Amino acid sequence: MSIFGALFVVGVAGYGLNLINRSSYVTQANVAIEQPVPFSHRHHAGELGIDCRYCHTSVEIGANAGVPPTQTCMNCHRQIWLDSPTLEPVRASYRTDVSIPWVKVHDLPDFVYFNHSIHVAKGVGCETCHGRVDHMNLTWQQNSLQMEWCFDCHRNPERYVRPKSEVFTMGWQPAGDQLEIGRELVKANDVHPKTDCDTCHR
Amino acid sequence: MSPPPTSPPDVTVRQPFIEPGHTFESVTDKIGAIVLDQGVRRGWLIGFTISFALLMLLLFALTNLVAQGIGIWGINVPVAWGFDIVNFVWWIGIGHAGTLISAILLLLRQQWRTSINRFAEAMTLFAVACAGIYPIAHLGRPWLAYWLFPYPNTMGMWPNFRSPLVWDVFAVSTYATVSFMFWFVGLIPDLATLRDRSESRVGRFIYGMLAMGWRGSALHWHRYETAYLLLAGLSTPLVVSVHTIVSFDFAVSVVPGWHATIFPPYFVAGAIYAGFAMVLTLAIPLRRYYGLQDFITLRHLDNMARVMLATGLVVAYGYMMETFVAWYSASNYEAFMVTNRFFGPYNKLYWALIFCNVIAPQVLWFKKLRLHQGWLFLTSIIVSIGMWLERYIIIVVSLHRDFLPSSWGMYAGTRWDWATFVGTMGLFMSLLFLFIRFLPMISIFEMRTMVPDAKVDEDAHAGGAH
Amino acid sequence: MSDPTNPTTPTPALDLEQVRTELASARGRHYWRSLDELANRPGFDALMAREFPRQAPGLLDAVDRRQFMQLMGASLALAGLSACTRQPAETIMPYVKAPEDIIPGRPLYFATAMPIGGIGTGLLVESHMGRPTKIEGNPDHPSSLGATDAFAQASVLGLYDPDRSQVISSAGEIRPWSAFTAALDQALAAQTASGGAGLRILTDNITSPTLAGQIAALLTKYPNSHWHQWDPIARDSARLGARMALGVDADVRYRFVDADVVVALDADFLGSGPAQVRNLRDFSVRRKPGGSMNRLYAVESSPTVTGARADHRMAVKASAVEFFAWALAGQLGVAPQKPKNVPPEYAKWIAALAKDLMAHRGRSIVVPGDHQSPGVHALAHALNIALGNVGKTVICTEPVAAQPVYSMASLKELVAAMAAGQVDVLLMLGTNPVATAPADLDFAARLEKVGFRAHLGLYDDETAQLCHWHIPEAHYLESWGDVRSEEGTISIIQPLIAPLYDGKSVLEVMAAANGRPQSGYDLVRAFWGDKRKAAGDFDRWWRTTLHDGLIPDTALAPKAIGVRSNWIDTIIQNHDGKQDDTEGLELVYRLDSGVLDGRFANNGWLQEAPRPITKLTWDNAALISPATARRLKLQNEDVVELTHRGRKLEVPVWIVPGNADDSITLALGYGRKRAGRVGDGVGVDANLIRTSDAAWIAAGVTLAKTPRTYPLATTQEHHSMEGRHLVREATLAEYTHEPAFARELVEEPAKDMTMYPPHPYEGAAWGMTIDLASCVGCNACVIACNAENNIPVVGKEQVAAGREMQWIRIDRYFEGEETNPTIVHQPVPCMQCENAPCEVVCPVNATVHSSEGLNDMVYNRCVGTKYCSNNCPYKVRRFNFFKYQDWTTESLKLARNPDVTVRSYGVMEKCTYCVQRISQARIVSRREDRDVRDGEVVTACAQACPAGSIVFGDLNDPESRVAKTKADARNYSLLGDLNTRPRTTYLASVRNPNPELES
């Protein structure tokens, strides 16, 4: 076996590892997550067109977007789908005052401190990170959430930012070249994402 | 064979580097026999058993290290580097002689290298292997050591190329690779010899694999010589670079006692010093035990002793300069560092170091003593100890009292520090024992060229090499 | 090292008792891991399975855990090639009905007050999703003005202490509350006949109006019953002194803001006592160099932070202070006659001092020490009156205590009554007399004679153990109540969290005793509703009071006082003839700056906070002067046997420069037997030789050296600055002559002398200054930092090994002659260097320079080469040599700051200017498209600092406070000659010595 052969094998192995590390096996991206209640964003956000903020109330003011209290569900489901068996866990929770154990879909490591409010404020659309939730029945994580992915936007925000008015819109398309619009917005909204370590790690 | 001459022979008369009366066959038989015919000898077995036990101790110590955290070592703040880095530098230093002897002496046409280069190189490899353990083991989270390598990671970031530790990674790994290639290539013709002479099928098979189909044709020889010379040229700068870069770990920092421009040359000299000391420590008993006095003659010992003396003097100069610069720099931190070495809590170690590295080797001025194996052996051991102390002084004693008196502290190795240190010696010896048992510890084919009747070819192929 | 348990070997039986003893024996940080080590033992699993069948499977035996760690190592190394390995699925538990104004991830702040010895400090408490995690001072409250002391900061850990008693117990049985009330009613019923002749209540000092009301009610119901108050930190001498000099009860309070000259008579008014925070605040205001700088004279037996700050300090034996004070009074003509043969070294001093005082009549203060004799207090009163300070700098008021008593006398009465068998029912509320009473009272033995003994306390402590009933007390952060601060202001104590172990507050127990069990909330509300009947609109008043954290205009009014005739006689008699009774060794007991009287013994943060002067942790020691040590041939850590009135005690010795000769200082509060796993057996119990008549100063003590030594853990082994200009100090004269004296001492390289391009710093550029003229090294910042940044406790062994973790190290240096050295303190957090040596050498970029000039420390990137620490000239980096953080104890998890990563082993950590606070402020400001306002970000240390020495802010904002302090002529950088360009700089210390004593 020649030296070059050895090099080739090593190279291929390295490349393979590279693929695995970015695969959804590792990142859990694009894996729909089973929930105690089969909540469908497609139905609520998509078909019914309920605004994201109706449930995720603290997205504009807090680090967490906020998972709604059972109460919020009951606001409507006191009137509709009263006896749907799938909603029993919700009613049970409301009756017994025990939380519904929703499974985390976007689970950052504990040493990463992400803040929704600032991203929303600077014109990063929900869709940009979470994908078309209005097309998801069971929700899944759209992106790898790996550090390089964060950097991609933090280093070139113009590729992703949108007008503040469109932050909560699903399927927004830039009227023209995103890069140009992006550059404008970056200037206008004073967007300068930091790439310091302490931006996310403390 | 012939016991060491009681009265030293006159070395001034250029005496050959091989005792007279040897033919091609005798050389091959004599060296090959150690591997092929003698089988497992009692002395070897005892030695190997002890070394292997120590190797197990190493594994135990390292496992416990990972399990409990490096708190089991004596390190603290301010002294965050202790035995780990001391031993690292010490082993790396020892790992210098091999390549130096093989490469530089080869390029300098120093024929006397032939009989010692093989196991000197092996020793280098093993020493580097031991050294390599420490930088990884000393990490708080060793399983993340690979973060020091630049590779396309999902974090979208690179290692810090400004850090000497990253330079180390490259320096040491390159050195290890090249040394190995050099050693292995050097082995090929002898592996072929062993293949041809071995009686057992297993032996034939394994040596055959390793010999990589060597047939000894003129073409092979031609290519071989070229490759060997190239490798020699390649590894020569490494001899200097590795310890230079290792010395940067200290020279680049701000710590008084580390932050000195003299470090690179001073470290390299020290490394060669330690390296030759170790070669002698091994060569003297080996030639005795395997009766190789014909091949590793007193002249070899004499030459190595001279090299030791020379490098020893350079090192001594280094110590002087450190002290001088401390005064000359007019920095009170530097001045304090030196006074602390002289009179501080660790001053005994410092004076011991001075004795081992500066005073003791002066006996090598006397030919009588250079040719007296007992003395030589003793001196080489003393120097090895001295070089370890040197690193201890540089690392621990510089750290334990730096800038703010409020954070001064003391350091002492724990039993786990010692276990790891002794353990790496076990690793070193184990590898060495395996080597001398299964590979020719002296280059057969090169020795052949030393035999008087080879003189003609010698010139020829020397010419051919050009 | 763990012994690998072989499953086949028969496992030796292990029973709960064994486990308990093992855990009890484990102490210090050792305890944090002792559970693991125990779990390591064969048979533990079997035991757990027996005791808690349900949990058995879940338990990892420690051997597995260790193997698991290794596997983790391996697997991370393999799978780890990706930055994030796969995590186990986590769940989100949203509220069912969301409470108002809780936004997940955003803290809320509530005002409350922390009582220590019945005296309250106004606080604001940070609460994360219902968990109090951090204490701050209440800026509106006169007792704190926004700052706090170390005790308040550490009280969060006290709340979550897993060793707090958790169940009502009687004779080792767990009993319900109802059972106790029943038993209590029965016991009291038996007393009705006799009018409560056999009923006694023992509390500590009480200022709570509600509680006072309850006790009064009980006393009226049982006219013959008695209420005793025993408070180990009570200031009996002050009370007695006031009676002696004034003939009335009076509390004294000082206005240091208005004082030009202060004389401390063995008084540590900056470092201890209920007014400590306020005193330091006021004092430091006048510590700014310039025209109005005050001057402090300290006469003390053992160096204190007050003495360390003093402009003139004299070391005299504690018993000689009264003599000194009398001599001073004589000099000033306050006392009818001067004492005979005043030693010359006093004379010079006293003359100058008297002159200085006369020159500042009405603008000076004479402060007597709490542990000093009543005579000293009486003299101080006389002096302050004579100097016309009263009403100006010295305010006398009615006592703040609901019922002023002499604590020791009150305790003695109780003990006598118990001995005489007159006590049938004894309620001990929030006090631990068995541990804190002097030995001669033999409280424990006398207690046995009481028929019904009930104890309310945070811990199942020494007293609880001897009682029929023990009720777990609710922590102040868990309970409703009210309390008066040292100058009288009343605060409502409101709980931040429901009682973790449903403990009861004193109010609730008293209510039960009164036969009307009620919740604390109802009691406090009822009491004040009743009080405020006239005012009307109670709810509004209630809400504002809770919100503000105090009831306005409740401070005590000044009262006129005058000296009694012949007040001086007793003092003269005390000293007549003899110069001062300082023959032979004398032993001085002091409250400890860490554990106080022992009530904080189980608090790891306080145990590990280096004591300001000695820098000792995890122990008390007999402090002696170098001369005495030489005379007695003693060295640090030698164990000596102290004998006083036949009682013996073995103590390790610690030599302290500036301690008075032939005087031994010993801290109280150690050697606890049932403090908890942290505090048990830490140090030696001074109460074992302490007697009630010599409670603070014991003369005629003998000392015998033993062959043994005992290791003490100190965080600083070297006490000289080695002639390096670290703490730079000048006299006021020198300063006025050359304000920039500090900068001239060392030449700093030019800014551009670096290989690397300069950092731009477009946005903010964070910086800090620390004023060494006002810092006294009180440890408030250290503990505040512990709480804010989830800093682990490492324990004595690790501290001794040089591995303490506090991010702020307060360096303490002695300069000058050992008999009376200058003592300086210098807090050293991370300097956030512009040219940071740590940054260049980290191979993995785990510590890097941020665009705002911080040295970010990225724990999750750190691989632990420790090179950064080696290359840090300030040695402010801390390394997790082991897994120091407690990952198993649930209650401690609640104490953590959710905004800061909890570090595991193998990573470096350090101060980053509370970057979590910076990020929060940055996000808010950027959301509102504005810059961060000055003062919007305050680091934990700066916020806690009572002296206001630490100023933090944005250097790029020319209007910021820090920009101004940086412009101060005194501003200098530590080790500036190394060209590290630290962002944290110091304002050089200035002292204001009396020119007449200069020479």
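Residues numbered from 1 in each chain as written. Chains lettered and ligands numbered in written order. Predicted model: local features only at pLDDT ≥ 70, side-chain atom pairs only at ≥ 80, totals over all residues. Heavy atoms only, no water.

## Notes on the overall build of chain A
Here is the rule we go by: What counts as a helix is a DSSP run of H or I of at least four residues, what counts as a strand is a run of E of at least two, and both are numbered from the N terminus. Note on method: radius of gyration uses C-alpha positions; expected globular size equals 2.2 Å times residues raised to 0.38. The rule is simple: take the accessible area with a 1.4 Å probe, protein chains only, and divide by the maximum for that residue type; under 20% is buried, over 50% is exposed, in between is partly exposed. Two residues qualify as a contact provided that any one of their heavy atoms is within 4.5 Å of a heavy atom in the partner residue. The accessible surface values rely on the Shrake-Rupley method and a 1.4 Å probe; as for residues, cover is taken only from the protein chains in view. His residues and chain termini do not enter the charge count, which takes Lys and Arg as positive and Asp and Glu as negative. Lys charges are placed at NZ, Arg charges at CZ, Asp charges at CG and Glu charges at CD.
Across its full length, chain A holds 10 helices and 1 strand. When the helices and strands of chain A are placed in sequence order, the string is α-α-α-α-α-α-β-α-α-α-α. Relative to a compact globule of 202 residues, whose C-alpha radius of gyration would be 17 Å, chain A shows 21 Å and is clearly more extended. In terms of overall dimensions, chain A has a C-alpha envelope of 75 × 50 × 35 Å along the principal axes. Looking at the 202 residues of chain A, the share that counts as buried comes to 40%. Counted over contacts in chain A with a minimum sequence separation of 6, partners at least 24 positions apart contribute 67%. Surface summary for chain A: the accessible area is close to 11000 Å², and the carbon and sulfur share equals 62%. The averaged location of the 21 negative side-chain charges in chain A is 2 Å from the averaged location of its 17 positive side-chain charges.

## Brief notes about the pattern of salt bridges
The line we're drawing: Whenever a carboxyl oxygen of Asp or Glu lies within 4 Å of a side-chain nitrogen of Lys or Arg, that contact is scored as a salt bridge.
Under the defined criterion, the tally for this structure stands at 66 salt bridges over all chains. Residue Asp968(C) is joined to Arg970(C) by a salt bridge in which the shortest nitrogen-to-oxygen separation is 3.9 Å. Linked by salt bridges that have partners in common, Lys194(A), Asp196(A), Asp198(A), Glu852(C) and Arg922(C) make up one network.

## Some points on the packing of helix α8 (residues 218–251) of chain B against helix α9 (residues 263–289) of chain B
Two numbers describe a pair of packed helices, the interaxial angle and the distance between the axes. Residues and elements named next belong to chain B. Applied cut-off: Axes, fitted as lines to C-alpha atoms, cover a helix only where it is in contact. Angles between the N-to-C directions of the axes lie from 0 to 180 degrees. The cut-offs work like this: below 35 degrees is roughly parallel, past 145 is roughly antiparallel, 65 to 115 is roughly perpendicular, and the gaps in between are oblique. Crossing handedness is read from the near helix: turned anticlockwise from the far helix by less than a right angle, it gives a left-handed crossing, and turned clockwise, a right-handed one. Residue classes follow a fixed rule: Ala, Val, Leu, Ile, Met, Phe, Trp, Tyr, Cys and Pro count as nonpolar, while Asp, Glu, Lys and Arg count as charged, and any other residue, Gly among them, counts as polar.
Where α8 meets α9, the axes come as close as 8 Å, and the angle between the chain directions of the two elements is 125°. One way to sum up the angle between α8 and α9 is to call them oblique. Once α8 is placed against α9, the crossing between them reads as right-handed. On the side of α8, the interface is formed by Val240, His243, Thr244, Ser247, Phe248, Phe250 and Ala251, while α9 contributes Phe263, Pro264, Phe267, Val268 and Ala271. Here the contact of α8 with α9 is built from residues that sort into 9 nonpolar, 3 polar and no charged.

## Quick word on the interface of chain A and chain B
What counts, and what does not: Two parts placed together each lose some accessible area under a 1.4 Å probe, and adding up what both lose gives the buried area.
Contacts between chain A and chain B engage 8 residues on the former and 6 residues on the latter. Between chain A and chain B, roughly 530 Å² of surface is buried when both sides are summed, and carbon and sulfur atoms account for 53% of that area. On inspection of chain A and its partner chain B, the count reaches 0 salt bridges. Per-element accounting of the side of chain A that touches chain B gives the leading share, 4 residues, to helix α9 (residues 147–155) of chain A. Here the side of chain A that touches chain B is composed, by residue class, of 2 nonpolar, 3 polar and 3 charged.

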